[in-house]
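# Structural description and commentary
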Amino acid sequence: MIGESKKAVGGCLCGAIRYTVTGPTIFVSQCCCKDCQKATGTGHTTIFGIRKDQLEMAGTPKRFTSEGDTGGTVTRHFCGTCGGRLFTTGDLPGEQLVIMQAGSLDDPNQVSPESVIYTKDAPVWDFFDPELPKFEAMQPRER
Ligand SMILES: [Zn+2]
Ligand SMILES: [Zn+2]
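These lines cover the structure that appears in this document, whether it is placed above or below.

Definitions and cut-offs
- Residues numbered from 1 in each chain as written.
- Chains lettered and ligands numbered in written order.
- Predicted model: local features only at pLDDT ≥ 70, side-chain atom pairs only at ≥ 80, totals over all residues.
- Heavy atoms only, no water.
- Helix = DSSP H or I, 4+ residues; strand = E, 2+ residues; numbered from the N terminus.
- Salt bridge = Lys/Arg side-chain N within 4 Å of Asp/Glu carboxyl O.
- Buried < 20%, exposed > 50% of the residue type's maximum accessible area, 1.4 Å probe, protein only.
- Donors = N, O, S within 2.8 Å, 3.2 Å for Na, K, Ca; no water.
- Tetrahedral: all angles 85-135°; square planar, octahedral: opposite > 155°, others 65-115°.
- Core = buried A, V, L, I, M, F, W, Y, C linked by side-chain atoms within 4.5 Å.
- Contact = heavy atoms within 4.5 Å.
- Pairing = 2+ DSSP bridges.
- Axes fitted to C-alpha atoms, helices over the stretch in contact; angles between N-to-C directions.

### Some thoughts on the environment of glycine 41
Relative to the helices and strands, glycine 41 resides in the loop between helix 1 (34–40) and strand 4 (45–51). Linking glycine 41 and glutamine 139, residues 98 residues apart in sequence, is a C-alpha distance of 23 Å.

Structure (structure tokens):
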């Protein structure tokens, strides 16, 4: 995880969009949901949660909004030039959570996965650390 008040920087592949996040991260997970698979073209995506006020952006990502699993909509933010995935937000009232793509960090080793979520959708060929707690869908947590 990125510790309290610690900074981490990242951005897309072409560099048109850069960001700084300030810790602490709320969670770090491997997400195997169908939407993550389609959006990234991989078996799962590695994500970490922060609040909106912990993210500073330079550049304007493109957005794609689809229906979420738990009601409301989910918006995926990505670079319109290189297609690099950056983060995901929801529209539920009071929603402050931003779900960052860990691979967009300049140093992805600043976070390490703590759980695997949406295992019900995981392809059989994907592999996960056997030590990590696994959840069929969303991991229950306090906001
Ligand atoms: Zn880009
Ligand atoms: Zn997902």
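What follows picks up the thread again.
### As for the pattern of salt bridges
Taken as a whole and assessed by the stated rule, the structure comprises 4 salt bridges. A salt bridge links arginine 76 to aspartate 35, with the nearest nitrogen and oxygen atoms 3.9 Å apart. You can see arginine 76 sitting in strand 7 (residues 73–78) and its partner aspartate 35 sitting in helix 1, a full 41 residues away along the chain. Aspartate 35 sits in the partly exposed class, given a relative accessible area of 34%. Across the pair arginine 51 and aspartate 53 runs a salt bridge, and its minimum N-O distance is 3.1 Å. On the basis of relative accessibility, which here comes to 58%, the residue aspartate 53 falls in the exposed class.

### Notes on the pairing of strand 3 (residues 27–31)
The buried fraction of strand 3 amounts to 5 of the 5 residues, a majority that puts the element mostly inside the structure. The two faces of strand 3 match: Phe27, Ser29 and Cys31 on one face and Val28 and Gln30 on the other face are all buried.

### Some points on the coordination of the zinc ion (ligand 1)
Bound to the zinc ion (ligand 1) are the protein donor atoms Cys12 (SG), Cys14 (SG), Cys79 (SG) and Cys82 (SG), situated 2.3 to 2.4 Å from the metal. Around the zinc ion (ligand 1) sit 4 donor atoms, and with donor-metal-donor angles ranging over 106 to 116° the site reads as tetrahedral. Written as a sequence motif, the donor arrangement for the zinc ion (ligand 1) is C-x1-C-x64-C-x2-C. Within this pair, whereas cysteine 14 is found in the loop between strand 1 (7–11) and strand 2 (18–22), its partner cysteine 82 is found in the loop between strand 7 and strand 8 (85–90), the two being separated by 68 residues in sequence. Since its relative accessible area comes to 42%, cysteine 14 is described here as partly exposed. Cysteine 82 sits in the partly exposed class, given a relative accessible area of 26%.

### Remarks on the nonpolar core
If you look at the biggest cluster of nonpolar residues, it comprises 18 residues, and the most contacted ones within it are Tyr19, Val21, Phe48, Ile50, Leu55, Met100 and Val111. The set of elements that each furnish at least two residues to this core consists of strand 2, strand 4, strand 8 and strand 9 (97–101). Apart from the residues within four sequence positions on either side, leucine 55 is in contact with Tyr19, Thr20, Val21, Ile50, Phe87, Val98 and Met100. Counting residues in each nonpolar core, the second largest holds 9 residues, with Cys31, Cys36, Leu97 and Tyr118 among its members.

### A few points about the sheet that holds strand 4
One open sheet holds the 7 strands; their spatial order is 6-7-8-9-4-3-10, and the pairing between them is mixed. A strand with exactly one partner marks an edge of an open sheet, and here the two such strands are strand 6 (62–67) and strand 10 (115–117). With strand direction ignored, the average angle separating the axes of adjacent strands in the sheet is 30°. Pairing between strand 3 and strand 4: 5 bridges, direction antiparallel. Bridge pairing in strand 4 links serine 29 to isoleucine 47.

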